[in-house]
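# Analysis of the macromolecular model
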Amino acid sequence: MNGGVAHNLSEEESRQDGAGDTDGGEDSNEQEVIVIQDTGFTVKIQAPGTEPFDLQVSPQEMVQEIHQVLMDREDTCHRTCFSLQLDSNVLDNFAELKSIEGLQEGSLLKVVEEPYTVREARIHVRHIRDLLKGLDPSDAYNGVDCNSLSFLSVFTDGDLGDSGKRKKKGSELEQIDCTPPEHILPGSKERPLLPLQPQNKDWKPMQCLKVLTMSGWNPPPGNRKMHGDLMYLYMVTVEERHISITASTRGRLHLPSGLRGTHTWTGTHTSRLGYEEHIPGQTRDWNEELQTTRELARKNLPDRLLRERAIFKVHSDFAAAATRGSMAVIDGNVMAINPGEETRMQMFIWNNIFFSLGFDVRDHYRELGGDAAAHAAPTNDLNGVRAYGAVDVEGLYTLGTVVVDYRGYRVTAQSIIPGILEREQEQSVIYGSIDFGKTVVSHGKYLELLERTSRPLKVQRHNVLNEKDESMELCSSVECKGIIGNDGRHYILDLLRTFPPDLNFLPVEGEELSPESVRQGFPRQHRHRLACLRQELIEAFVEHRYLLFMKMAALQLMQQKANKESKLATLTENSSPGAAVPALPSTETPDASCESPLEGKAEDIIPGLAQAKELAESLAAEDGSDPKSREVVLNACKAVGSISNTSFDIRFNPDIFSPGVRFPEDSADDIQKQKQLLKDAGAFMVSCQIPSLVKDCLDHSALPMDGATLTEALHQRGINVRYLGNVLAFVDQTPAKAQLEHFYRIGISELITRCAKHIFKTYLQGVELSALSASVSHFLNCFLSSFDAVAHLPADELVSRRKNRKRRNRVPGGGDNTAWASLTPSELWKNIVSEAQSYYHFTLHCENADQVVEKYGLQKITLLREISIKAGIQILIKEYNFDSRHKPAFTEEDILNIFPVVKHVNPKASDAFHFFQSGQAKVQQGYLKEGCELINEALNLFNNVYGAMHVEICACLRLLARLNYIMGDHHEALSNQQKAVLMSERVLGVEHPNTIQEYMHLALYCFANGQLSTALKLLYRARYLMLMVCGEDHPEMALLDSNIGLVLHGVMEYDLSLRFLENALAINSKYHGPRSLKVALSHHLVARVYESKAEFRSALQQEKEGYTIYKNQVGEAHEKTKESSEYLKYLTQQAVALQRTMNEIYKNGSNASIMPLKFTAPSMASVLEQLNIINGIIFIPLSQKDLENLKAEVQRRQQLQESGKSVEDLTVDGPLELEDKIPMDVNVD
């Protein structure tokens, strides 16, 4: 959800600071890093009854962290109540190691048992339960305490490390059973669900205890208390021994920290020993913690790491607490602070967090769209918090904010500004407006702080009128309120309009949008009036305008030069390019020039960037004293809508078109400009961004596989999901529509499941707790089952009587509401169709699930996965029969849980991220070694900030593995990629598209290590997951099938191999066009298998197809064409030889003298070579000369790309093809 906001910002800033100083910066960073690493040291730990052991620690760690390590270690995990002592001095748990006197390399720390207290005893019991539960997977299914599922080990039979070395390659071939399960074969229509969570054959949950619980004798009576009894426990072992335990102060009576686990949308029935959620103790002051971590020093790298680690830790804890609190609120377990009011108006405080529901309670949003606006405001606000947090201005504070969707309700959880609850809001707001601009106040300190954010966030300072018609200066939207807390900090809140409004979805009386927008049917009525442009769009728009600015200045300068050189020749020669430009009529939007990247290349519009930059520099050099160059800049500034006349600077006024905001007379001109800028931004969205997304999908630089990756692709380009209908309509009109079928299908499926989610949300609000599983299963039946679903109401005694609950604090919207049971499939689909029309302005033609599947080629299992993930539904893992006409697909037993869907800010590890990016850049320039070192450094820093598991660490490991592989270290590649797969499974989910990619990479490295059967198992797993996530018809499937086909060819399973390779050929032809080089390669791979089968005629036929493509695309002289023609000759000879032999046999019968024919199994090396080619990997024997050539080649490509030639026409799938070879997977987030 929070795609590329943070790093877009940092790129933007570095561009504005001038890119010249990067080298210096990097070196100093590297120095700092080395300092840190030298300072780690080793201490000895001595626990009672064990040998002393060494522990590596870092000076930034707290003593507490050593405690944690000891509680996790096998030989000390049974101790929880102890202190660490150095020379008989007890160490303070919360002290940093570097602050402890006398602690150094080789110090001996002793573990000393301490007397228990009731609290310690409870912690101990909880720790024991954690240890017992470690054996049981139920927490992983539910994402409890950062647990999550991973199945990699099922396919690799344990660790991959050495198993490859032991097997003899020769003998291995005969023993592999390569037959995939039926449902994985190309063309299979079956999509089973059970294999999603495979079980290890020998996997049995170990059970040690049946019961461990508090005894009924608690609490201890006085006389026992005085003997040191703390509490009594009752335990039953597996052998049925019943034991009573007394916990005493001398008693021999683990909380893992880290990231949130991901819960899966399929699960198994599990039972857990229940235990108290809360160890009694203090609640945390979240606001103080969040703000204090922000205030930590950030002068040098060690400081920044410490700060970012603290920020990340507190954020993660806060998000977890806010999520728990939101669920407690909706489940009715928290008392409201205004219990007398109607349920939707109630507000809650729990654990120092303030909770409010996403309803328009005080008609606050009446003019903006009521409840719909109240539902959209929290996510807009969160985007604002994220943006201000990323700019990270000292002295300006935002609230911890988490938005939770649970059981149909949206809850906003916020940290509490100290003192805010004691005061009326009117008194505390000293900046901004509490009534959408009727009354406005301003404040010098806030203007100064916000001014520092205005450049990176592109917010323009502007004046508005207050109720007394006085002009007030603001540097944010009017709703943005400034409050100084009792702690003296300057807070800003209500950041829902940080970014400017999206006029395409905001019809305004008397305003005409630009022609591009109007042609696409805008402006359109939206549910609410809070639709705003994404930060990514603003960045892209400004970037686009910058190029335009450069171009205009350049053309004028060229013209001036020409004028100087020959006053006379002006009219004849230069009238065409230059003269027309300075007078760019302002009515015509400059962005119209971006008609459609599918027809004209953007480069034709923007002439050589290099020239433009040069000219701009020459402008700057003349320091503006020359009136001519000043005029040039002035004209260019005017044309692109810059707010300054002397330099390029585009900012937006977020209050334009806000109802109730009035501007002073004297700024009318400026306001007009700002309105035009907003219209241009809207036009830029439809005329540039949407076409460029479609173009990226056509040339496969964007490859969405499911709803989440599609949304990410939209967001990266600044396109809001509300444009989905437009994007689909645009695809529909694209000439190359057939090559976008996969994209269209994913788009339709996303549109349908989002509409279903909207309906499900209001559907659930009326359902009370006891009927939840019945209502969810009924909804899914209406949505997906072919059976005409009838709801089963829960038994009468479960439906609570309304009478006796009159005054009790009810769950929001609770009550015995059984309206949900009357929903029918046809009614639900009618609603989905009308929702698609009204929200996405898209016409669906279907009346039920079966028609959708038929018409758009969707799969029910995919729709089920998408709706479950979006709505937080967890279902039992079993085979569902969607197509039965006699019984519903789901029963209430199949619905296991409803999870909250949580949106929050992901704090970034900025230094690590910069290392990662510079590492990537080095690799792309061909400096692999340096790149590798930088990426390793990034990995260390990521680990330092995020702990062991994080998406960004995953990307780091994947890139490292790829580099290891390219540089020939297969073993290291395997080890890094294995970690990447595990991490992707656990952090993103077992069937996330990224996980599928990671499996494919791992399979390649396994094959290279000679572990053929493992490689196949991994590829089969990837294929199963891909079938489930997006079905067979997807360009990525061609790559996967080519991989499988090649490995099968290598193990001599020719018929199976052909099934996969021919499928790959068909998919490649469909998505890359029959003339693509990828298709030529596919033909060649198929030909090779036919050759191995000695079916030379088929082989010749395939290779000829490939040869024709090479000849037409790259010409006869190219090495690829030559290779192909050589291979054709060889095949012809083989065919002739075979024919001769056959004739010989026919003629002379059994006593024929037969020349032995060469039938060879392909060598592993040749298979691996083909595997590397299709996976876009090029090997670099690292001799200096080769590296030079490689660099030259990379530079040549970059120039080609800048000059706008399409790279596809020039590349060949040979050692030349560097497309994604050296530039590894660049999409990090």
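Remember, predicted model here, so these are calculated numbers, not experimental data.

Cut-offs and rules
- Residues numbered from 1 in each chain as written.
- Predicted model: local features only at pLDDT ≥ 70, side-chain atom pairs only at ≥ 80, totals over all residues.
- Heavy atoms only, no water.
- Helix = DSSP H or I, 4+ residues; strand = E, 2+ residues; numbered from the N terminus.
- Buried < 20%, exposed > 50% of the residue type's maximum accessible area, 1.4 Å probe, protein only.
- Areas by Shrake-Rupley, 256 points an atom, 1.4 Å probe, with all protein chains shown as cover.
- Phe/Tyr/Trp six-rings, centres within 6.5 Å; stacked < 30°, edge-to-face > 60°.
- Lys NZ or Arg CZ within 6 Å of the ring centre and 35° of its normal.
- Pairing = 2+ DSSP bridges.
- Axes fitted to C-alpha atoms, helices over the stretch in contact; angles between N-to-C directions.
- Contact = heavy atoms within 4.5 Å.
- Disulfide = S-S within 2.5 Å.
- Expected span 1.5 Å × (residues − 1).
- Core = buried A, V, L, I, M, F, W, Y, C linked by side-chain atoms within 4.5 Å.
- Parallel < 35°, antiparallel > 145°, perpendicular 65-115°, else oblique.
- Nonpolar A, V, L, I, M, F, W, Y, C, P; charged D, E, K, R; others polar.
- Polar contact = N/O pair within 3.5 Å; in protein donor to acceptor, adjacent residues only side chain to side chain.
- pLDDT = per-residue confidence, 0-100.
- Salt bridge = Lys/Arg side-chain N within 4 Å of Asp/Glu carboxyl O.

Helix and strand content of the chain: 42 helices and 22 strands. When burial is assessed residue by residue, the chain has 55% of its 1229 residues classed as buried. A total of about 54600 Å² of accessible surface is found on the chain, and carbon and sulfur atoms cover 52% of it.

Evaluated as defined, the whole model comprises 27 aromatic pairs. Ring geometry for Phe779 against Phe783: centres 6.5 Å apart, planes inclined by 35 degrees, an arrangement best described as tilted. Of this pair, Phe779 and Phe783 both sit in helix H25 (residues 772-784), four residues apart, which is roughly one turn of that helix. Comparing Phe779 with Phe783 shows no difference in burial state: the two are buried. With centroids separated by 4.8 Å and ring planes inclined at 70 degrees, the aromatic side chains of Tyr839 and Tyr840 adopt a geometry described as edge-to-face. By the burial criterion, Tyr839 is buried, and Tyr840 matches it. Put simply, the rings of Phe760, Tyr763, Phe779, Phe783 and Trp829 touch in pairs and so form one group of aromatic residues. In this arrangement the basic side chain of Arg524 is found over the ring face of Phe522, its NZ or CZ atom lying 4.9 Å from the centre. The ring of Tyr927 has Lys922 lying over it, and the distance from NZ or CZ to the ring centre is 5.9 Å.

We now examine the pairing of strand S2 (residues 53-57). Side chains Phe53, Leu55 and Val57 project from S2 onto a buried face, and the interleaved Asp54 and Gln56 project onto a face without burial. Of the pairings in the sheet, the one linking strand S1 (residues 41-46) to S2 comprises five bridges and is antiparallel in character. Following the sheet pairing, Thr42 is matched in S2 by Gln56. Where S1 hands over to S2, the hairpin turn is made up of six residues, of which Gly49 adopts a positive phi near 75 degrees.

So, on to the sheet that holds strand S7 (residues 229-237). Taken in spatial order, the three strands line up as S6-S7-S8 in an open sheet, and their pairing is antiparallel. Among the strands making up the open sheet, the edge pair consists of strand S6 (209-214) and strand S8 (242-248). Geometrically, the sheet is characterised by an average inter-axis angle of 20 degrees between neighbouring strands, direction not taken into account. Relative to S7, S6 is paired through five bridges, and the arrangement is antiparallel. From the neighbouring strand, Thr213 faces S7, where its bridge partner is Tyr234. Docked against the sheet, helix H4 (residues 118-133) engages S6, S7 and S8, running at close to 20 degrees with respect to S7.

Going through the model one piece at a time under the given rule, you end up with zero disulfides. Considering cysteine sulfurs only, Cys956 is the nearest to Cys954, which forms no disulfide, with 9.8 Å between them.

Along the chain, Ser1042 turns up in helix H35 (residues 1035-1050). Take Ser1042: its relative accessible area is 4%, and that puts it in the buried class. Excluding residues within four positions of it along the chain, Ser1042 makes contact with Leu1061, Ala1064, Leu1085 and Ile1174.

What follows covers helix H38 (residues 1096-1114). The end-to-end C-alpha distance of H38 is 26 Å, a good match for the 27 Å that 19 residues give at a rise of 1.5 Å each. Restricting attention to buried positions, one finds in H38 the residues Phe1096, Ala1099, Leu1100, Gln1102, Glu1103, Gly1106, Tyr1107, Ile1109, Tyr1110 and Val1114. Of the surrounding elements, those touching the buried residues of H38 are helix H36 (1054-1072), helix H37 (1077-1092) and helix H39 (1119-1148). Looking one or two residues beyond H38, the residue adopting positive phi is Gly1115, at roughly 85 degrees.

With that settled, the discussion passes to the sheet that holds strand S4 (residues 89-90). Pairing is mixed in the open sheet, where five strands are placed in the order S2-S1-S5-S3-S4. One side of each edge strand has no neighbouring strand; the edge strands of this open sheet are S2 and S4. Bridge analysis of strand S3 (residues 82-86) against S4 gives two bridges, and the strand direction is antiparallel. Each bridged residue has a counterpart across the sheet, and for Gln85 the counterpart in S4 is Val90. The strands touched by helix H3 (residues 63-72) are S1, S2, S3 and strand S5 (108-113); relative to S3, the strand with the most contacts, the crossing angle is about 120 degrees.

This part is about the nonpolar core. Counting residues in hydrophobic clusters, the biggest one holds 278 residues, and the most contacted among them are Ile832, Leu844 and Phe942. Looking at which element gives the most residues to this core, the answer is helix H34 (residues 1012-1030), with 14 residues. Contacts of Ile832, omitting those with residues within four sequence positions, involve Ile752, Cys755, Ala756, Ile759, Phe783 and Leu844. Membership of the second largest hydrophobic core comes to 21 residues, among which are Val43, Val63, Leu70 and Ala95.

What follows is about the packing of H35 against helix H40 (residues 1164-1174). Axis separation between H35 and H40 bottoms out at 9 Å; the angle between their running directions is 175 degrees. One finds that H35 runs roughly antiparallel with respect to H40. Mapping the contact onto sequence places Leu1039, Ser1042, Asn1043, Leu1046, Val1047 and Gly1050 in H35 and Met1164, Val1167, Gln1170, Leu1171 and Ile1174 in H40. Residues of the contact of H35 with H40, tallied by class, amount to seven nonpolar, four polar and no charged.

What follows is about helix H32 (residues 970-987). Between its first and last C-alpha atoms H32 spans 25 Å; for 18 residues at 1.5 Å apiece the expected length is 26 Å, and the two agree. Along H32, the residues classified as buried are His970, Ala973, Leu974, Asn976, Gln977, Gln978, Ala980, Val981, Met983, Ser984, Glu985 and Val987. The inward-facing, buried residues of H32 contact helix H6 (152-156), helix H31 (951-966) and helix H33 (993-1008). Looking one or two residues beyond H32, the residue adopting positive phi is Gly989, at roughly 125 degrees.

Moving on: the environment of Ile935. Assignment of secondary structure puts Ile935 in helix H30 (residues 928-946). In sequence terms Ile935 and Leu963 are 28 residues apart; their C-alpha atoms lie 9.8 Å from each other. Each residue touching Ile935, except ones within four places of it in the same chain, is listed here: Phe916, Gly919, Gln920, Cys956, Leu959, Leu960 and Leu963.

Attention now goes to the side chain of Asn338. Along the polypeptide, Asn338 turns up in the loop between helix H11 (301-330) and strand S10 (347-350). With a relative accessible area of 12%, Asn338 lands in the buried category. Within the structure, Asn338 has its side chain in polar contact with the backbone nitrogen of Met347 (distance 2.9 Å). If sequence neighbours within four positions are ignored, Asn338 has contacts with Met345, Gln346 and Met347.

Further remarks concern the confidence of the model for the chain. Scored by pLDDT, the chain comes out at a mean of 80, with 78% of its residues at no less than 70. Predicted confidence for residues 1-38 stays below pLDDT 50, and this span has 56 contacts to residues more than four positions away or in other chains. Counted against residues more than four places away or in other chains, residues 252-260, with its pLDDT under 50, gives 27 contacts.

Moving on, we get to the pattern of salt bridges. Taken as a whole, this structure holds 58 salt bridges when the rule is applied. A salt bridge links Glu952 to Lys908; the shortest N-O distance between them is 3.0 Å. One end of the pair, Glu952, is in helix H31; the other, Lys908, is in the loop between strand S22 (901-904) and helix H29 (910-924), with 44 residues separating them in the sequence. A single network of salt bridges, built from pairs that share partners, joins Asp706, Glu750, Arg754, Arg865, Glu866, Lys870 and Glu991.

A few words on unusual backbone geometry. With omega at 0 degrees, the peptide bond leading from Phe522 into Pro523 counts as cis. Relative to the helices and strands, Pro523 is located in the loop between helix H15 (515-519) and helix H16 (535-565). A positive phi is found at Phe657, a non-glycine position, where the angle reads about 65 degrees. Assignment of secondary structure puts Phe657 in the loop between helix H20 (627-640) and helix H21 (668-698). Residues other than glycine seldom take positive phi values, yet Ala1094 does so here, at roughly 65 degrees.

What follows concerns the pairing of strand S19 (residues 490-493). Of the two faces of S19, the one holding His490 and Ile492 and the one holding Tyr491 and Leu493 are both buried throughout. Judged from the two bridges that link them, strand S12 (residues 396-397) and S19 form a sheet pairing that is parallel. If you follow Tyr397 over to S19, its bridge partner there is Tyr491. Bridge count for strand S18 (residues 481-484) against S19 is four bridges, and the pairing is antiparallel. Residue Ile484 lies in a different strand from S19, and its bridge partner there is His490. From the end of S18 to the start of S19, which pair antiparallel, there are five residues, and Gly488 there has a positive phi angle of about 80 degrees.

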